[in-house]
Each structure stands twice: as structure tokens, then as C-alpha cells.
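# A structural walkthrough
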Amino acid sequence: MAPISLILSFFLFISPALSTNSEGNALHALRSRFKDPTNVLQSWDPTLVNPCTWFHVTCDSNNHVIRLDLGNSNISGTLGPEVGQLQHLQYLELYMNDISGKIPKELGNLKSLVSMDMYQNKLEGEIPKSFANLKSLKFLRLNNNKLTGSIPRELTTLSDLKVL
Ligand SMILES: *[C@@H]1O[C@H](CO)[C@@H](O)[C@H](O)[C@H]1NC(C)=O
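The following refers to the structure shown. A quick note: this is a predicted structure, and the numbers were derived from the prediction, not measured. (Residues numbered from 1 in each chain as written. Predicted model: local features only at pLDDT ≥ 70, side-chain atom pairs only at ≥ 80, totals over all residues. Heavy atoms only, no water.)

## Comments concerning the overall build of the protein
Here is the rule: The helix count covers DSSP runs of H or I at least four residues long, the strand count covers runs of E at least two residues long, and both are numbered beginning at the N terminus. Accessibility here uses a 1.4 Å probe with only protein chains present; expressed as a share of the type maximum, an area under 20% marks a residue as buried, one over 50% as exposed, and anything in between as partly exposed. Here, two residues are considered to be in contact whenever any of their heavy atoms come within 4.5 Å of each other. Here the Shrake-Rupley method, with its probe set to 1.4 Å, supplies the accessible areas, and only the displayed protein chains count as covering residues.
When helices and strands are tallied, the protein shows two helices and eleven strands. Each helix and strand of the protein, ordered N terminal to C terminal, gives the series α-α-β-β-β-β-β-β-β-β-β-β-β. When the 164 residues of the protein are sorted by exposure, 41% land in the buried category. Within the protein, contacts between residues at least 6 apart in sequence are counted, and of these 51% link residues at least 24 apart. Entry remark: accessible area of the protein is about 9100 Å², with carbon and sulfur atoms responsible for 55%.

## Describing the packing of aromatic side chains
Threshold: Planes of paired rings set the category: under 30 degrees apart is stacked, over 60 is edge-to-face and the rest tilted, where pairs are Phe, Tyr or Trp rings (Trp by its six-membered ring) whose centres lie within 6.5 Å.
The final tally for this structure, using the stated rule, is two aromatic pairs. Taking the centre distance of 5.2 Å and the plane angle of 25 degrees together, the rings of Trp-44 and Trp-54 count as stacked. Here Trp-44, found in the loop between β1 (34–35) and β2 (57–59), pairs with Trp-54, found in the loop between β1 and β2; they are ten residues apart in sequence, far enough to count as distant. Of the two residues, Trp-44 and Trp-54, both sit in the buried class. With a centroid separation of 5.1 Å and 10 degrees between ring planes, the pair formed by Tyr-95 and Tyr-119 is classed as stacked. Placement of the pair is Tyr-95 in the loop between β5 (91–93) and β6 (98–102) and Tyr-119 in the loop between β7 (115–117) and β8 (122–125), with a sequence separation of 24 residues. Residue classification places Tyr-95 among the partly exposed residues on the basis of a relative accessible area of 25%.

## With respect to the state of the cysteines
Inclusion rule: Any cysteine sulfur atom paired with another within 2.5 Å is treated as part of a disulfide.
In total, this model carries one disulfide according to the counting rule given. Here Cys-52 connects covalently by a disulfide to Cys-59, the sulfurs 2.1 Å from one another. Taking the sign of the S-S torsion, about -90 degrees here, the bridge from Cys-52 to Cys-59 comes out left-handed.

## Considerations on the nonpolar core
In a soluble, globular protein the nonpolar side chains are often hidden away together inside. We apply this condition: Residues belong to a common nonpolar core when they are buried Ala, Val, Leu, Ile, Met, Phe, Trp, Tyr or Cys residues joined through side-chain atoms within 4.5 Å.
Of all hydrophobic cores here, the largest spans 35 residues; its most connected members are Leu-92, Met-116 and Met-118. Elements that contribute at least two residues to this core include exactly α2 (22–33), β2 and β3 (65–69). Per element, the largest residue contribution to this core is three residues, and it comes from α2. Not counting chain neighbours up to four residues away, the residues in contact with Met-116 comprise Leu-92, Leu-107, Phe-131, Leu-134, Leu-137, Phe-139, Leu-140, Arg-141 and Leu-142.

## Let's talk about the sheet that holds strand β10 (residues 146–147)
Under the convention used in this document: Pairing between two strands requires that DSSP report at least two bridges joining them.
Spatially, five strands are ordered β1-β4-β6-β8-β10 in an open sheet, and the strand pairing comes out mixed. Each edge of the open sheet is held by one strand with a lone partner, namely β1 and β10. Here β8 pairs with β10 via two bridges, running parallel. When the bridges of β10 are listed, Gly-125 appears paired with Leu-147.

## Some points on the site of the ligand
Selection criterion: Residue proximity to a molecule or strand is established when one non-hydrogen atom of the residue lies within 4 Å of it. A 3.5 Å cut-off defines polar contacts: any pair of N or O atoms within that distance qualifies, except that in protein one atom must be a possible hydrogen donor and the other a possible acceptor, and neighbouring residues in sequence count only when both atoms are side-chain atoms. Any residue that is not Ala, Val, Leu, Ile, Met, Phe, Trp, Tyr, Cys, Pro, Asp, Glu, Lys or Arg is counted as polar, Gly included; the first ten are nonpolar and the last four charged.
Thr-38, Val-40, Asn-72 and Asn-74 make up every residue found near the ligand. With respect to the ligand, the side chain of Thr-38 contributes an N or O atom lying 3.1 Å from an oxygen atom. In this structure, Asn-74 approaches the ligand through a side-chain N or O atom, which is 2.3 Å from an oxygen atom. Out of a free accessible area of 360 Å², the ligand has 35% covered by protein chains. A class-by-class count of the residues in the shell around the ligand yields one nonpolar, three polar and no charged.

## Regarding the pattern of salt bridges
It is possible for side chains of opposite charge to pair when their charged atoms get near one another. Selection criterion: What makes a salt bridge here is a side-chain nitrogen of Lys or Arg within 4 Å of a carboxyl oxygen of Asp or Glu, nothing more.
With the rule as written, the count across this model stands at five salt bridges. Of the charged contacts in the structure, one is a salt bridge between Asp-69 and Arg-67, with a shortest N-O distance of 2.8 Å.

Scope: geometric values only; no functional claims are made or implied.
In C-alpha cells form, the structure reads like this:
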């Protein structure tokens with residue numbers, strides 16, 4: 001039997017290198033910005049090897065996060081740049097909450113994003129110009145917020161996009 005110290009070194013040194021869990025870390029950082037009075041995010045245990053068993057999170061067969069479904073979840077607080085680290089995200093559903101503050105420009109890093117629904121929140125400021133990089137985006141719903149300015153001209157270059 002392998003000495004316990006050998007087993008421990010495996011978990012301490014080898015296994016983090018195999019599974020860095022950057023998407024779980026990003027989601028956990030996002031959670032820390034949220035107020036969650038009805039414990040919708042209770043299952044978000046950062047000690048798990050990845051976030052794929054967390055409620056409201058969906059992964060593909062390679063354990064990459066492809067959906068975040070937190071519409072109508074009584075969440076308040078703000079968004080942060082870490083959302084931009086969810087490189088495989090296709091659906092970002094945060095509609096009908098109380099989320100405030102600005103939309104992070106890092107959301108423009110989500111190259112696989114198909115649908116972004118953040119309508120009916122308290123988001124303010126402008127729609128980031130970086131959204132022009134969301135080449136897969138088909139649905140962008142940001143109505144019923146406190147956004148200012150107009151839809152960036154850069155967004156109109158996205159041919160398939162339906163903006164509400
Ligand atoms: C949101 O809050 C209301 C009122 O407290 C509650 O009835 C509802 O179940 C909550 N929704 C979720 C998704 O927890």
C-alpha cells in the first residue's frame with residue numbers, strides 16, 4: 001500500500017494541475033458578489049472538483065460550463081470580470097433579478113455565447129463595446145434596466161443578432 005504521504009502529495013501537487021477548475025473559481029467569485037436571500041446558490045460548493053453538479057449550472061461532456069440559469073432567482077449584487085472566464089458559456093440567463101452596477105466589459109470574451117438574458121434588473125451604464133466580439137450571439141435581452149446610451153454601433157455588425 002502506498003504511504004499516506006505519497007497519496008497526499010498526489011492530491012496536493014498532481015491533481016490541481018490536472019484539473020485547475022478555473023470555471024468553478026470564476027463562478028464562486030461571481031457568487032461572492034451576489035446576495036442570495038433564498039439560497040438559490042446553496043449547492044455551489046467550491047471544494048468540488050468542478051461546478052458541473054451545482055444547481056443552475058450545466059456542463060458539456062468535457063466538464064465545461066455551457067449554461068448559467070439564474071433567471072428569477074431573487075439575486076441582488078453586481079457582476080464582475082470573472083464571468084468573462086467562462087470561455088465555453090452559451091447561455092447566460094440572469095433575467096428578473098435585482099442585479100445592479102455596470103455590465104463588465106469582460107462579458108465580451110464569451111465567444112461561444114448564444115443567448116444573454118439580463119432583462120429586468122437594475123443594471124446601469126452603457127452596453128460595453130466589447131460585445132461586438134460576441135460572434136455567436138443570437139439573443140441579447142437587456143430591456144427593463146437602467147442602462148444609458150445607445151446600442152453600440154459595433155453590435156450592429158453581428159449579422160444574426162436579435163436585440164430586444
Ligand atoms: C424568491 O422569493 C420569493 C419570496 O420570498 C419566494 O416565494 C420564491 O420562491 C423565491 N424564488 C426562488 C427561486 O427561490
